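Okay, here's what each chain looks like letter by letter:
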Amino acid sequence: MKKKIIGISLLFLIILCTGCNGTITRDLRHDGFTVGSKFICDDFYPTNKKDSSYKKVKYMIDNNIIDSNGVIYDISLGQIYSNNQNCKKASTNIIVKAIFDNKIIKGADNKYYQYGTYALIPETDNNYELYNLLLSENSVVRVMTVNSDKGIYYLLKNDGIVYSYTITKVDYNAPYKIVSRTIVYDKSDYGSNIIDFNYVGEKNTTYIKTEDSIYRMIATNYKECSKYADVDCIYKMQKDEVINKYKDRIIVYNGKTIITDYKQVFDIKE
């Protein structure tokens, strides 16, 4: 009799959990995301609610995940690898300390590498001076180009603030120099330290992730601009209520993609 009761209880919990997952899926779809594939990668999922030993995702960039220790993993959302997972450790020993435009990696050895190929960037490289100027500070964890022609770059530092740097050079042979530093996203405006961000202008993939919440560019006139060809979307950085409602169930958010703890992938409608 006890076994029967236990079995019924487990079945009820499974049904209840499945229902919760369905609600999350529905709400994320209403929030502008489409349902994608499943993502099987055991290292990044807790085995239960009390499990805190699983690996945490720091960044998801293109076909890679970088964990909180700076270790790089290859990922494949469409097809599994020979290990029957959608992830595997990348063929490099580089530990990521900072990232520039999702193209350049600063390693724990303070050297710079091409993202993807992991080739060392020599000091003779034409862009080495630029990389070194913006990445050499140990406090810098992420750099995004805003306007290369005007020399504007956004830098996230480990103080939880995103700064706007403007750099210039007098002529081609002169060295770069920083002419201004201002705060563009202040942690005091977002409630806690900023730990990640992406900037692509007024688009819904521009976001700010803090220790507590996720904010992203949201079209304030979505009904009109999605309906009429001659109405431009007006974007504003706002707290995404749906994503934040389920943030404890989300293991990955990078502006374009969400992965939940029930292994479901969602993609944004850009």
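You'll find the structure just up there.
Just so it is clear, the structure is predicted and the values come from calculations on it, not from any experiment.

A look at helix α2 (residues 128–135)
For step 1, the next point in the chain: Those residues of α2 not exposed but buried are Y128, L130, Y131, L134 and L135. Taken down its axis, α2 places every buried residue within 165 degrees of arc, on the same side.
For step 2, the next point in the chain: In this fold, the buried residues of α2 make contact with β6 (96–100), β7 (104–107), β8 (112–114), β9 (140–147), β10 (152–157) and β11 (162–168).

Considerations on the side chain of T25
For step 1, the next point in the chain: Relative to the helices and strands, T25 resides in helix α1 (residues 2–30).
For step 2, the next point in the chain: Among the residues examined, T25 registers a relative accessible area of 18% and is labelled buried.
For step 3, the next point in the chain: Excluding residues that lie within four positions of it along the chain, T25 makes contacts with V35, Y262 and F266.

Concerning the pairing of β9
For step 1, the next point in the chain: With 2 bridges joining them, β6 and β9 adopt parallel strand pairing. Bridging across to β9, F100 finds its partner in V143.
For step 2, the next point in the chain: Of the pairings in the sheet, the one linking β9 to β10 comprises 6 bridges and is antiparallel in character. Residue M144 lies in a different strand from β10, and its bridge partner there is Y154.

So, the side chain of T92
For step 1, the next point in the chain: Along the chain, the position of T92 falls in the loop between β5 (87–89) and β6.
For step 2, the next point in the chain: At 3.1 Å, the side chain of T92 forms a polar contact with the backbone nitrogen of I94.
For step 3, the next point in the chain: Setting aside anything within four residues of it in sequence, one finds T92 in contact with I72 and Y118.

Parameters at a glance
- Residues numbered from 1 in each chain as written.
- Predicted model: local features only at pLDDT ≥ 70, side-chain atom pairs only at ≥ 80, totals over all residues.
- Heavy atoms only, no water.
- Buried < 20%, exposed > 50% of the residue type's maximum accessible area, 1.4 Å probe, protein only.
- Helix = DSSP H or I, 4+ residues; strand = E, 2+ residues; numbered from the N terminus.
- Arc of directions from axis to C-beta.
- Contact = heavy atoms within 4.5 Å.
- Pairing = 2+ DSSP bridges.
- Polar contact = N/O pair within 3.5 Å; in protein donor to acceptor, adjacent residues only side chain to side chain.

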